[in-house]
Amino acid sequence: MSPSEDPFIEQTTSDRLSQQPHLRPMDLLNARWDTLLAPLFATAVSGVLLFAHVVMRSWRLSRRAALKDERVQPVVSSEEARFGAPKKDEVKQPSPVQGERVIRLFQISRLLGSFTLFSLSLAILFLQGGHRKHISWSAILSPESMHSISVVIIFLYTSILAAVCLLKRSWTRVLTRHVNSVLLVAFAVYLYRDIWPLATYNLKPIDLSEGVFLWVKVAVLTFTAVVIPLFIPRQYVPVDPKHPMETINPEQTASIFSMMFYTFMDPVVFKAYRLPHLSHTELPPLADRDRSEHLTKTIFPRIDIYQGARKRHLFFSFISVFRWQYVGMALAITSGSFASFAPPVAVNRILTYLETDGREASVTPWLWVLCLFLGPVTTAVSLQWYMFLGSKTLTRAESLLTQLIFDHSLRIRFKAEASGDDAPAVENNTTQIGTPETNVPPQKPEKKKSNLVGKINTLMTVDMDHIVGSRDFFLLILLVPIKMTLALVFLYIVLGWSAFVGFTSIIILLPVPGYIATRMQNIQRKKMGKTDARVEAVSETVSILRMVKLFGWEQKMSRSLEERRNEELAWVWKGKVSLDRVGNFLQESELLDSFDHEINPETPPSMSHRDEDVIGFNNAVFAWSKEHEDGTQTPSSRTFRLRTEGSISFKRNCINLIIGPTGAGKTSILMALLGEMHFIPTKPDSWYNLPRQNGIAYAAQESWVQNETIRDNILFGSPYSEERYQKVIYQCGLKQDLELFEAGDMSEVGERGLTLSGGQKARVTLARAIYSSAEIILLDDVLAALDVHTSKWIVNECLKGDLVRDRTVLLVTHNIALTGAIADHIVSIGLDGIAHDEGSDISAALAHDPTLASELKREKEEMEVETQVVDAMDKEGEKPDGKLILAEEIAEGRVSWPAIAMFVKGLGGDHPILFLGTWLVGLVLWNSSNMFSVWFLGYWGTQYESHAPEEVRVSYYLGLYCLILTGAILAFSTATVIFQYGTQRASRRISGQLVDSILGSTLRWLDETPTSRILVRCTQDIENLDTYLASNFGSVVSAVMTMSIKLAGPVLFTPIFLVPGVVMGVLGAYVGNIYVRAQMSVTREGNNARAPLLAHFGAAIAGLISIRAYGAQQSFKAESLKRIDHFANLSRSEYNLSRWIGVRTDLLGATFTTAVASYLLVRRSLSSANTGFSLNMSIEFTSMILWLVSCFNNFEVDANSLERIKAYIDIDHEPESTEAGRPPAAWPKSGDLRVEGLSARYSATGPKVLHGISFRVKSGERIGIVGRTGSGKSSLTLALLRCILTEGTVYYDGLPTDKVNLDALRSNITIIPQMPELLSGTLRRNLDPFTQNDDATLNDALRAAGLFILQTELDEVRFTLDSEIASGGKNLSVGQRQIIALARAIVRRSKLLILDEATSAIDHKTDAVIQATLRNELGADVTILTVAHRLQTIMDADKIMVLDSGRIVEFDAPLELLKRKGGAFKSMVDSSGDKKALYAMAERK
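Our subject in this report is the structure included herewith. (Residues numbered from 1 in each chain as written. Predicted model: local features only at pLDDT ≥ 70, side-chain atom pairs only at ≥ 80, totals over all residues. Heavy atoms only, no water.)

To continue, consider the pattern of salt bridges. Taken as a whole and judged by the stated rule, the model has 30 salt bridges. For Lys 271, the salt bridge is made with Glu 282, and the minimal N-O distance between the two is 3.2 Å. Here Lys 271 is found in helix H11 (residues 266-274), whereas its partner Glu 282 is found in the loop between H11 and helix H12 (292-303), with 11 residues between them in sequence. Its relative accessible area of 36% is what places Glu 282 among the partly exposed residues. (Salt bridge = Lys/Arg side-chain N within 4 Å of Asp/Glu carboxyl O. Helix = DSSP H or I, 4+ residues; strand = E, 2+ residues; numbered from the N terminus. Buried < 20%, exposed > 50% of the residue type's maximum accessible area, 1.4 Å probe, protein only.)

The following block contains the structure:
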């Protein structure tokens, strides 16, 4: 650049020309006129753009008018919506509440300011000719006055635009931009012409000849061009002009100044400071542009491939969607990078000024002092704006990803994803095992797919947090290159060519960080795999916590989870692979055929049939997965196939039965119709069809209920009709059940319906289907969980009732005797998976399948016997308001010391003093070495002032400097390694305490605590503990040490620095305290907001098939959007609060540094070297104060996770194991049971549910327990296992159970619930989770439980010990699960076995095998307690116990009880339909 091109040189030259009287006036005019061309040019450009805008808008309005003439309904154009020309009947007029009055006042002020500037400029124009005797137009229009005329034109233009802004509201936003732009250019020119010279020694203001008018004009221009645009509120423009927000988020109308310094958060901050806790209801609402509904509507078409988006990596999709936000972030980073070099440049210039005593200085040093203030402030505003845009973008991205994951979950083929490829499907495999003579070798392990629930929990917690934490990639790709370049330029100016030596070393070492990053990413992938495994294990453990406790597996499960945790901690490095994992989930999950067909036309469609009303199949094959068999699979590894040979059509407007043996695949027929299975066409005319236009209702065999009230579960979003609802309650047999609840149908059912019995859940699920208006109803064996009496009621009152009449019902059942009479059409399926259309003749189906005929015969015999039912529901202690799940507690105030102490103790382990001492000494040595190195450089430099350069021993000083740095590196490395070991120790210990606490909790606590809350503690909070919490704690301690040492340096030279240093610390602590009060409240609310989101996900996945069958995806998506918005609003508030504190602490630091520099400049008592050292240390001290405040605030905020973990560690626990409670190794030798005065209650303050029960059961006896609802049957079983609070004494094989450790007691008692819970993994793992038995023992148990009896019926498909079981056993029928549960009980070899009538869903042939096993293969000393739902089940028991209201009313042999006149048991039997058969059974015993 030539000197004439440099504006600074040009201005200096102009100023010098003005001081030389012999120059021509035209030269001076040119120097003044050149800079005024800029605002004049801006005015011209503005005018041209406005003219073009008017032309375009007029064309659009004329086009609208033409459309209106053609009677086309006009719509609000995007232009009108953008610039505020709404229709009066569509958009609410701006109100004072929306800031309209304030905006008008600012607009009036801008008009007055512009008009004042115009008047002043006009006056100056006329006064320029005042030295002449006669003012003439020729003088005014002379070349010397042209610059004044240009100024008049500029301000006349802005005045006109400002006036139009007030008159034409539809043009306000456009004209405001033009006015502000022109005024800002004019302000910049006057700043350069007349303000900048004041900061120099050799320049004068160019327009000084204007006198006082100049300064008045500059003041008015500053107010109009800077103050008004900075402080005028922005106008709220709704996303939907028809539905603007009633309450606007202050951020949407905040001024530029408010956005720079986040003053719009002041009301929230100071309100939180006055309150103990700020509720989420006190926060501003989420802006309409940030709401999930708007985001999904506008952005999903660009990122969701099922809505038309291109298939590419999510990273590039989001870069495209949020490109303008990223541009803003890039600009903020760039401006902040340049501004961050203002302080070192200023320090350099100040030191130069002090060294030369101001000689040859062209700029006053106070300008550099001002730079020490403005540089950090600009850097702070830029950095916080970058963070603001980043957090805003990431909150939106998080909302989008969350909903995208949820939407995608609704498309997944759940069975295929939940299980391994070789897993048996729902009710689709025969339950077979190898023959006794054949030793079947273990199958080669197949690829096992992940637990879908666990995977989604990981994606929603750990991965989402990692994605949010990855927002700073801009710092790497933009900030680092810019700063390196600026640093090189600065160092070259100061040091010369030596700077390139250091820069070259950086270039050479650049591959090292890249290599390290690659390694870290690979490590992170492995770590996330371990995290997946841990989260899936935790999710599964939490879902079966009741079974874990009942089986006494707490310690074994704890050890298993600890192993997973240790493996995860070994890979605790962080990388950024979470977005890849989300992308893989979205693009690689196996979907339903209907969604695959949308993006893959090769996928076969569901229908090619001409009649869309037909329900059925034609030459179709269905599988649970797309995996194709190659013919090499063994029989046990072949996947199930449902086949239809020819056409099968269900009859409309009547009841269709689907029948077949247990495990044949009856449920698969419904799943195939619903599109849940993969359709494999075998012929050109293959098709299947299920008309959905008039609605589908579905009741699953494994009843699905939401964590809502009974009424909400039945309505399921349908409008409430009192008459229809009461009729449904009656016909589904729920009327009497609802009377048992004090809150009636408004009682909450709890997670997975834990307050309901299996039969009640089945009837609620049935009621949901019947209440719906759907034309087609699919019922999957809803009678399986019901006794015969209730089943008869359902058949007679419901299936024959008016609510089912003229509706098409497809009923899967094995109860043919009861339902055969009401069926108009029958479809059967055999154990070979082939379905047959049997028409209306049931005898054809029986002739085709002898097994089915045998079952029918047994059912008829049972129906003749069974009319009396004893329900097993216990409802003691229900709450009058129906609430079961308690609201999650939120702590108030600061983080409690016990929570922090738990972490500190975890860091130190067994030697906390040694740990802390060593770590702190390392930090002190590191910081002292760093400070000393800075001072030493200054000392080294002063040697050149007192000695000739050749006299200074460079090698000596360089060696000492390198030695100091080496010591600093060693100290830092030692301290870091010690701290990392401590953090891993703390993570391991606290995680173990949390797991042990949850596993050791009471059943009551588990009933009241949703599993989603437990999962959030075990995932999100533990992840926070591993990462942010530990890092922030280390930063806090390090910052305290560093700040203390940095302050000590300047104080040694200037003790007075101690006072402002302390003041700064106090102010920082005060501001930080105000911030923390608000941030803690918002963070606690935010942490609690994620659990409901996970709970909604979990509930939706659990009922995925039902949701899709009902077509209720949209309502669930809407609820998901609502919960996402709640979480997003809290996230945005949390991020904005961080920006609020960040910019204020930076302002404090800039003020302190400026004050120190001013003091040193005035006093000048130190040498330049010591002055530089003091300034350097003061700058670092202020930055450390800010860093300390930031880290401490972040630590306290993150410590909320500690608080939440601590709260779950301090819950009510069951008694811990002691050495004294360990029973003898041979205990128990028998199943002898003696109970004396047993009373029980569910909570310490709750009523007693058992009252002084005493009885004796001899070893080997089989006891039946009966009683009406609420009599205490289930409570008695829980009391025997000490799962509830008990009084009295229970002797098991001679030992009082209250003196025996719980794990020992429960490990020697086995309970089989009506709905068994299974683990994901192999069948071997379910039978023997902790590998304590060999395969021969496990195979024997499976045969004894009834699998072997079915093995010969179909050799092609069988179970082996390596067969994969899905989480919860979802790929098995209920009957198959119960068989496996019985086999597991046999493996445990307990002397006391408790059955909650576990054979209710098993066909009679298998039931007979099981009963024979219980009598013959368990051993003569095994005691069996059977909680009966059917009298027929326990009529052959040795004794029968009759309970009523928690008391034993009868306990004797069945025959003896039948002899008692007026006895309770005799009354039950006598009131049955055929008491003779029951009497005969008792007599045979």
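On to the pairing of strand S23 (residues 1439-1444). When strand S15 (residues 1262-1267) meets S23, the two strands line up parallel, connected through 5 bridges. Bridge pairing in S23 links Ile 1265 to Met 1441. With 5 bridges joining them, S23 and strand S24 (residues 1447-1452) adopt antiparallel strand pairing. Paired with Leu 1443 across the strands is Ile 1448, a residue of S24. Linking two consecutive strands that pair antiparallel, namely S23 and S24, is a turn of 2 residues; a positive phi of about 55° is found at Ser 1445 within it. (Pairing = 2+ DSSP bridges.)

This brings us to the packing of aromatic side chains. This model, assessed by the stated rule, comprises 38 aromatic pairs. Each ring, one from Phe 936 and one from Tyr 957, has its centre 6.0 Å from the other, and the planes form 40°; the classification is tilted. Taken together, the residues Phe 936 in helix H36 (residues 912-946) and Tyr 957 in helix H37 (residues 954-999) connect sequence positions 21 residues apart. Of the two residues, Phe 936 and Tyr 957, neither departs from the other in class, the shared state being buried. Following the ring pairs from residue to residue traces out a cluster consisting of Phe 932, Trp 935, Phe 936, Tyr 939, Trp 940, Tyr 956 and Tyr 957. The ring of Trp 171 has Arg 57 sitting right over it, with the charged end atom 4.6 Å from the ring centre. A cation sits over an aromatic face here: Arg 768 above Phe 716, 5.1 Å from the ring centre. (Phe/Tyr/Trp six-rings, centres within 6.5 Å; stacked < 30°, edge-to-face > 60°. Lys NZ or Arg CZ within 6 Å of the ring centre and 35° of its normal.)

To continue, consider a negative patch on the surface. On the surface, Glu 562, Glu 563, Asp 996 and Glu 1216 cluster together to form a negatively charged patch. Positionally, Asp 996 belongs in helix H37. The partly exposed category is assigned to Asp 996, whose relative accessible area is 42%. (Patch = residues over 30% accessible without salt bridge, like charges linked within 9 Å, V, L, I, M, F, W, Y side chains within 5 Å. Areas by Shrake-Rupley, 256 points an atom, 1.4 Å probe, with all protein chains shown as cover. Lys, Arg positive; Asp, Glu negative; His and termini not counted. Charge placed at Lys NZ, Arg CZ, Asp CG, Glu CD.)

This brings us to the pairing of strand S12 (residues 834-839). Relative to S12, strand S3 (residues 642-644) is paired through 2 bridges, and the arrangement is parallel. Paired with Thr 644 across the strands is Ala 835, a residue of S12. Inspection of the sheet shows strand S11 (residues 825-829) paired to S12 by 4 bridges, in the antiparallel sense. Within S12, the position partnered with Ile 826 by the bridge is Gly 839.

With that settled, the discussion passes to the sheet that holds S24. On the basis of which strands lie adjacent, the open sheet formed by 6 strands has the order S18-S21-S22-S15-S23-S24 and mixed pairing. Where the open sheet ends on each side, the last strands, each with one partner, are strand S18 (1309-1312) and S24. Going across the sheet, the axis of each strand differs from the next one's by a mean of 20°, ignoring polarity. Alignment of S18 against strand S21 (residues 1392-1395), held across 4 bridges, turns out to be parallel. When the bridges of S21 are listed, Thr 1310 appears paired with Leu 1393. On top of the sheet, helix H44 (residues 1273-1280) reaches S15, S18, S21, strand S22 (1423-1427) and S23; it is set at about 135° to S15, its chief contact. (Axes fitted to C-alpha atoms, helices over the stretch in contact; angles between N-to-C directions. Contact = heavy atoms within 4.5 Å.)

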